[in-house]
Structure formats: structure tokens, C-alpha cells
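Below, each chain spelled out in residue letters.
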Amino acid sequence: MNPKNIDQKNIEQTTDQSEIQFIFTSQHKILTATGVKQTLSNEGLNTPDFIKSVKSHLQKLKIAGHENPIAIGSIPFDINQKTEFFIPNNCLFSDDFPSDTSSLETDTTKLIALSQVTGEKHFKGAVNKALSLSENTQLDKVVLSRAIDVQTEGTLNAQNMARVLHQQNPSAYTFSIPQSNGTTLVGASPELLVKKQGNQVSSNPLAGSRKRTNTTKQNKLLSEELWSCTKDRFEHKLVADAVYQNLKPFCNDLNNPKAPSIIETSAMIHLSTKIDGTLSSVNTSALDLAYALHPTPAICGTPANLAKATIQHLEGYERAQFCGAVGWMDADGNGEWVVTIRCGVIQQNSIRLYAGAGIVQGSDPSAEFSETEAKLNTMLTALGFSAANEPQQPTQTMAI
Ligand SMILES: C=C(O[C@H]1C=CC=C(C(=O)O)[C@@H]1O)C(=O)O
């Protein structure tokens, strides 16, 4: 799984990468890809030039007779950091998880340690500081996050983990994207940043959360309470408004729902707004739109620059790919990009897991910490942990 020969240049022809498996699932289809034909890096390029370079390499391949070339990859939270997309040798859109991934060796790995990268005290302290900043500055919202490291006895298999995540979270966008440093980004995001197909565009911003329970009745009550909560409605509206405002210049028409709806993931209940529209130009690509939207206030805050500076100052660790965007685009500019949340980064026998929560006036540090614990459960459950955020037994086995 280690694309170790991938060069750092903007474009690099690489061969013999057939072991790489890229996976991206959505409600509509499952994309799997193998091998790396080209690596596209943003090194030395500003964002518009990087987007142009990705488009032009896909178009050249199409003109050269390659059927449906795609670029797949992840955009980090900080777009100034190194970004790499891969044009795979082979890619397949299908309805089911392909048998070749499910037949990969199944590890039974023991979880041996869990350590806090950002401890409870640090996180709650950061929330308190953010609350006082929001009282004394223009900061309306900031999304603060934390990370934990999970060590396992054996090497984690990213493809198998993606398959388990997909089974456990069938309505999520599941991804497994190898990085050129030998790690693999894997997760099951509930949040569509942007989808573009022909002249149709859609986005599904989420913000405002409750931990889901296992009773339908209780979830209904929680949903009603969430929908009526002024603090969560404000936290959500900042995201929905930003997405609408940033998509509008690209669109002939764009719907702007007056109130959010509710979605449930396997672990969480969220306020959700579905925004759909028609692009004024079919030439606007999925990547143009993803970069126009990123970072939304679902993972950064409002105003964005002040929120970014607050995150850098208070979080105390490097987000890297977490809270970025992950997805794909084809030579016609069609594609899907999702917000990189409910995810982790695998490095051999360890995985770093991440979770964040939106902080606005009225946020309670303990409730926000519990929210991050609940969000971590998407990945912990796939790793074989029970809902509690601690290893039940130091020798618990994992069905990955
Ligand atoms: C930052 C995360 O979630 C975002 C997306 C949905 C709801 C959120 C919230 O209610 O705070 C967050 O904005 C995460 O899951 O790590």
C-alpha cells in the first residue's frame, strides 16, 4: 500500500503501482482504482494553476484515447500545504464493493493502546478560550478538534477497513486514499462538500449534532430538540449560508432551504441542508467548486481567517488531511468531493483518529468534548471498539 516511488514533481509518470487501491463510495456508486499513471502535485503552483493543471492532464489523457480518466485524492485543511492527486491506471464505477477488495487478506488485529493526542483538559481549555474570543472579537464560530492514536498489534489493512466502514455506514461516503508518505487516509464522511454532474451541482452542509442512541423513540426526541435548539440552528446556518453564497456566483439557479432537515449517521444526528442548483457554465468543474467552498464553517468557522488563526493557536496539533476534502474528478469536470471528517490516517500498525465540534456562543466545553467522543465512534466501531471510547480489554480483537 505504499506509493513510495511517487515523485514530488508536479507530474510524474509512474509504473508498477498496481498494488495501490483507491476507494471512494457514495450513495450512487462505488469507485475503486488501482495503479498510478500520474501524480499531480500543487508544488510551485497557486490553486487556480493547480486546478488548471489537473484539468489539462485529464483532458490530454482523454484525447489520447484513455477511457474516462479520473483524478482522485485529498485536499488538506490548509490548501497551502502539499496536495497530491493521483490519476490511476484503472478505475471502475460499480454498484457493489468489488470482490477483489473483499477477498483481500483479513487481519485479526489486537488493539494494544489508545493515547490522547489532545487530552480532555486541553480540548476543554481551548473551547473556553474560543468562547472568550467570540465574546471579545468578530469570531462567530470556530471548529475545534482533537486526535487520538490507536496502536494495534498487526498492520492495519486500509481496504478492509473501508469495506467495514461501508458496511457499518451505508449512507456515508467511504474512502481509502493512499498518500505518498506511506500513510492511508480512511474514513466514512456523512458530509457532501460538492457534487457536479453535467450542469447540476449539489452540496449537503451539516452542522449541529447529537449523539445517536439505539432507540428510534429517543432519536426522534433528540432530533426534535436539536432542530429547535437556537445555538445549533445558528451554528448550522453559518455553514448553510456560506455554502449557498459561495456556490451562487457559479449558478443560474440555486435552492436555499429556509430551515434545515435532520440526518442520522450510525453514530450521530445532524442538522442538514440540501442545496442543489444549475450551473451557468457546464465548464465549471467539481474541483473549481470544491476549492471555492473549502474550508466551510463546518470544519473551520466564521469569519474563516479568524477561525483559521484560532484553530492554529488553540488546537496544538497539525490537522493535515483531516478537515480537508476528499474525492475525484473526471476529464469532463464531473466529480464528488466530501468533507474529510469521521476519518483516520493509517500508518502500519497505528491509526490517528480525529473529531471536531463547532464552537459558538452558548457552547458548553463538556458537551463539546462528549460530541467529539461520539464522533470518534464511527472509526472506533470499525476498529472493533464498542461505543465507549476506551479499549474494553487491552487485548480486544478487531475484525478488520
Ligand atoms: C468537524 C466534524 O463535524 C462537523 C460536521 C458536522 C457537524 C459538526 C458539528 O456539529 O460540530 C461539525 O461541524 C467532525 O465530525 O469531526
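Residues numbered from 1 in each chain as written. Predicted model: local features only at pLDDT ≥ 70, side-chain atom pairs only at ≥ 80, totals over all residues. Heavy atoms only, no water.

K.L.:
Explanation requested: helix 3 (residues 120-136) in the structure shown.
P.N.:
Quick reminder: α-helices carry 3.6 residues per turn. Residues three or four places apart thus point the same way. The terminal C-alpha atoms of helix 3 lie 25 Å apart, and with 17 residues this matches the ideal 24 Å at 1.5 Å per residue to within 8%. The inward-facing, buried residues of helix 3 abut strand 9 (141-152), helix 8 (304-314), strand 23 (350-359) and helix 9 (365-382). (Helix = DSSP H or I, 4+ residues; strand = E, 2+ residues; numbered from the N terminus. Expected span 1.5 Å × (residues − 1). Contact = heavy atoms within 4.5 Å.)

K.L.:
In this structure, what is going on with the site of the ligand? I would like to understand it.
P.N.:
The local shell around the ligand holds 18 residues, among which S209, A298, R342, G356 and G358 are the closest. Within the side chain of S209, a nitrogen or oxygen atom sits 2.5 Å from an oxygen atom of the ligand. Here R342 contributes a side-chain N or O atom positioned 2.6 Å from an oxygen atom of the ligand. Calculation on the ligand without its partners gives an accessible area of 390 Å², and the protein chains cover 100% of this total. Among the cavities detected, the one that contains the ligand is the largest cavity. Of the residues contributing to the shell around the ligand, the split by class is eight nonpolar, five polar and five charged. (Near = heavy atom within 4 Å. Polar contact = N/O pair within 3.5 Å; in protein donor to acceptor, adjacent residues only side chain to side chain. Areas by Shrake-Rupley, 256 points an atom, 1.4 Å probe, with all protein chains shown as cover. 1 Å grid on protein atoms, 1.4 Å probe; cavity = no way out; pocket = protein on both sides within 12 Å on 5 of 7 lines; lining within 4 Å. Sits in = over half its atoms within 2 Å of the grid points. Nonpolar A, V, L, I, M, F, W, Y, C, P; charged D, E, K, R; others polar.)

K.L.:
Just checking my understanding: could you explain unusual backbone geometry for this structure?
P.N.:
That bond from H294 to P295 is cis: its omega, -5 degrees, falls within 30 degrees of zero. Structurally, P295 is set in the loop between helix 7 (286-293) and strand 19 (301-302). In the segment running from T302 into P303, the intervening peptide bond is cis, with an omega of -10 degrees. Tracing the backbone through its elements, the reader meets P303 in the loop between strand 19 and helix 8. The phi dihedral of N68 is positive, around 50 degrees, even though this residue is not glycine. Counting through the fold element by element, N68 comes out in the loop between helix 1 (47-63) and strand 5 (70-75). On the basis of relative accessibility, which here comes to 33%, the residue N68 falls in the partly exposed class. (Buried < 20%, exposed > 50% of the residue type's maximum accessible area, 1.4 Å probe, protein only.)

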